[in-house]
Amino acid sequence: MGKKAISSETQLIPMLEAVVSYIDEGVIIADKQGNVIYLNPSASTLLDCSNHPISRLSDIKAFNFQRTLLRAAIQAGEVDAAGRPSGRFVTFEERLQLENDDRYLEFHTGFVDCFDHDDKMRLILIRNRTEQRRIEAVYKKRQSGFETNDPGMLDVVHRIQQIAPSDAFVLLQGDSGTGKTMLGRMIHNLSRRTQAPFIEVNCAAIPESLIESELFGHKKGAFTGATSDRAGRFQSAHQGTLFLDEISEVPLHLQAKLLRAIQDQELEMVGSDQTVKVDVRVITASNRNLRDMVDAGEFRADLFYRLAVIPLTIPSLCQRPGDIPLLINHFCSLLAARGYPTDIECNQEAMRMMMNYPWPGNVRELENAVEHGIICAVNKHVEPESLPQDIYNYFQKEHGEQTKTRDNEILQAHQIKSALEEADGNKSDAATLLGIDRTTLWRRMQRLGIH
Ligand SMILES: Nc1ncnc2c1ncn2[C@@H]1O[C@H](COP(=O)(O)OP(=O)(O)OP(=O)(O)O)[C@@H](O)[C@H]1O
Ligand SMILES: [Mg+2]
């Protein structure tokens, strides 16, 4: 029996429709006015619009398709004389911020001829790139030595990868030792400034009287001890990144000058009225809540808004206990590379303690605890007493509290039993002997298991 060839386009269409409705890629066909002629099920899932009908491209709620398309067309040089997308195919990526997660979608779109229409149609192909972006994020994270598997922290890393190439100012807020400096460096390394210097200044470590000259530099003779011209940190960071740690410690009277340097990228050295131009991306970090400081009048609001274009909050280690074993392994490997023994094992109780300790010093404290544990291991085992005193004491206190409660309970049970004996089992009399009411006695007997 000979196979019958598909003879016309009309016969092909139902087959193609079946294929298109099955594939994972989203497919949308729209006319030039933006009316949607066809949309496959994947497109509506990817665009998160299964619950509302899409009859026009402007019905896509997750982002503004036409605006993003125009931006992509401009970038690709594909605009016509009227300033509209030319219709030739362009590719762009869009990150949708959905309720539960971010989704990265790649769009490939342009005009195509259509079988029975005179006018061309816009074809939009959509591919889900989220998994690939996640893998890249984990890979880049590993390259930078920054370890985390915590969803909240991974979101921060994601955001960093997204904003690093721009020159946007970033404010990293989080407790001491959570990794702010490391993340600041990561932003720099992923930016176009990576070949230029990354200059770190801890504003809390410089005496207040010297902060101005440290940041902006000084001319010879500007003050006693200024024996020569000296460039400040802003100038040293020219074309690179200036990381201002503990920004909350910059005194109010200097904040206006700092704002000008950041905003206008120009400054005057102490003792000079000449303006120096700089090109610096500023990343700031603080373990105090700057917003609260603004409300309390301790930090200039205008400076805060300028610095916090991208505010990122770094979770404390106790908010991400899943990272503890990961970081322990990581620090063990780093120590092994420095020649520390590799055959040390951690016993269960020591591990339990590390998992339950609140880590007020965050990752830095954990890093030190791992080193301490390895150095003080007993017969190649990290025991509770191998851990730093602070951790050991924390659990001793917990243990002490438990012992005290148990001793109290034994004493109470003994007193109740004696009173009951003396009162010949009469609970009201026993309660009177104990100086408590009958219900309290009954409750205590229940708790202590006395019948
Ligand atoms: N996720 C991480 N993976 C690997 N190492 C980390 C991580 N987070 C922090 N560290 C390490 O912990 C230590 C403290 O990190 P870092 O100096 O970046 O914290 P910080 O928030 O800037 O602290 P501070 O507020 O005291 O300036 C560093 O040695 C850093 O390498
Ligand atoms: Mg730091």
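Keep in mind that what you see is a predicted model, and the values were worked out from it rather than measured. (Residues numbered from 1 in each chain as written. Chains lettered and ligands numbered in written order. Predicted model: local features only at pLDDT ≥ 70, side-chain atom pairs only at ≥ 80, totals over all residues. Heavy atoms only, no water.)

Caption draft 1: The site of ligand 1, seen in detail. Of all residues adjacent to ligand 1, which total 19 residues, the nearest are E147, G177, K180, T181 and E367. Here an oxygen atom of ligand 1 and a backbone polar atom of T178 are 3.2 Å apart. One of the side-chain nitrogen or oxygen atoms of D245 is found 3.2 Å away from an oxygen atom of ligand 1. If ligand 1 stood free it would expose 620 Å²; the protein chains cover 86% of that surface. When residues of the shell around ligand 1 are traced back to their parent elements, those giving at least two are α6 (180–189), α12 (323–337) and α14 (362–375). Two domains each provide a minimum of three residues to the shell around ligand 1, namely domain 2 (135–221 + 229–313) and domain 3 (318–387). (Near = heavy atom within 4 Å. Polar contact = N/O pair within 3.5 Å; in protein donor to acceptor, adjacent residues only side chain to side chain. Areas by Shrake-Rupley, 256 points an atom, 1.4 Å probe, with all protein chains shown as cover. Helix = DSSP H or I, 4+ residues; strand = E, 2+ residues; numbered from the N terminus. Domains from an automatic or database assignment.)

Caption draft 2: Molecular detail of the packing of aromatic side chains. The full count for this structure, using the stated rule, is 11 aromatic pairs. Ring centres of F92 and F107 lie 5.2 Å apart, and the angle between their planes is 10°; this geometry places the pair in the stacked category. Here F92 is found in strand β3 (residues 90–97), whereas its partner F107 is found in strand β4 (residues 102–112), with 15 residues between them in sequence. In this pair, the class of F92 matches that of F107, namely buried. (Phe/Tyr/Trp six-rings, centres within 6.5 Å; stacked < 30°, edge-to-face > 60°. Buried < 20%, exposed > 50% of the residue type's maximum accessible area, 1.4 Å probe, protein only.)

Caption draft 3: Layout of the coordination of the magnesium ion (ligand 2). Looking at the metal site, the magnesium ion (ligand 2) is ligated by T181 (OG1) and D245 (OD), spaced 2.0 to 2.6 Å from it. On the criterion of sequence distance, the pair formed by T181 in helix α6 and D245 in strand β10 (residues 241–245) is long-range, its members being 64 residues apart. Overall, the relative accessible area of 12% leaves D245 in the buried class. (Donors = N, O, S within 2.8 Å, 3.2 Å for Na, K, Ca; no water.)

Caption draft 4: Looking closely at unusual backbone geometry. The phi dihedral of Q265 falls on the positive side, at around 55°, and the residue is not glycine. By the element assignment, Q265 lies in the loop between α9 (252–264) and β11 (266–268).

Caption draft 5: Main features of the environment of H330. By the secondary structure assignment, H330 is in helix α12. Residues H330 and F146, spaced 184 residues apart in sequence, show a C-alpha to C-alpha distance of 9.4 Å. In contact with H330, not counting residues within four places along its chain, are G145 and E147. (Contact = heavy atoms within 4.5 Å.)

Caption draft 6: Quick look at a nonpolar patch on the surface. Where nonpolar side chains cluster on the molecular surface, the patch consists of L12, M15 and L16 and spans about 260 Å² of accessible area. Mapped onto the secondary structure, L16 falls in helix α1 (residues 9–22). For L16, a relative accessible area of 40% gives the class partly exposed. (Patch = residues over 30% accessible without salt bridge, like charges linked within 9 Å, V, L, I, M, F, W, Y side chains within 5 Å. Salt bridge = Lys/Arg side-chain N within 4 Å of Asp/Glu carboxyl O.)

Caption draft 7: Here's a closer look at the sheet that holds β10. Ordered by their spatial adjacency, five strands build an open sheet running β7-β10-β13-β6-β14, and the pairing between neighbours is parallel. Of all the strands in the sheet, just β7 (198–202) and β14 (310–313) have a single pairing partner and so form its edges. Each adjacent strand pair in this sheet contributes to an overall mean axis angle of 15°, direction not counted. Taken together, the four bridges between strand β6 (residues 170–173) and β14 define a ladder with parallel strand orientation. Paired with L172 across the strands is L312, a residue of β14. (Pairing = 2+ DSSP bridges. Axes fitted to C-alpha atoms, helices over the stretch in contact; angles between N-to-C directions.)

Caption draft 8: Representation of the confidence of the model for the chain. Of all residues in the chain, 95% attain a pLDDT of 70 or more, and the chain-wide mean is 90. Mean pLDDT across the secondary structure elements of the chain bottoms out at helix α4 (residues 130–143), with 75, and peaks at β6, with 98. (pLDDT = per-residue confidence, 0-100.)

Caption draft 9: Representation of the pattern of salt bridges within the structure. Using the criterion set out here, one finds 26 salt bridges in the structure. One salt bridge in this structure joins E93 and R133, with 2.6 Å as the shortest N-O distance. With E93 in strand β3 and R133 in helix α4, this pair connects stretches of sequence that are 40 residues apart. By relative accessible area, E93 is classed as partly exposed at 33%. Taking the shortest distance from any N to any O, the salt bridge between R320 and D323 comes out at 3.1 Å.

Caption draft 10: The arrangement of the pairing of β4 in detail. Relative to β4, β3 runs antiparallel, the two sharing eight bridges. Within β4, the residue paired with T91 across the bridge is H108. Hairpin connection from β3 to β4: four residues lie between these consecutive antiparallel strands. Where β4 meets strand β5 (residues 121–128), eight bridges bridge the pair, whose relative direction is antiparallel. What sits directly across from E106, in β5, is R127.

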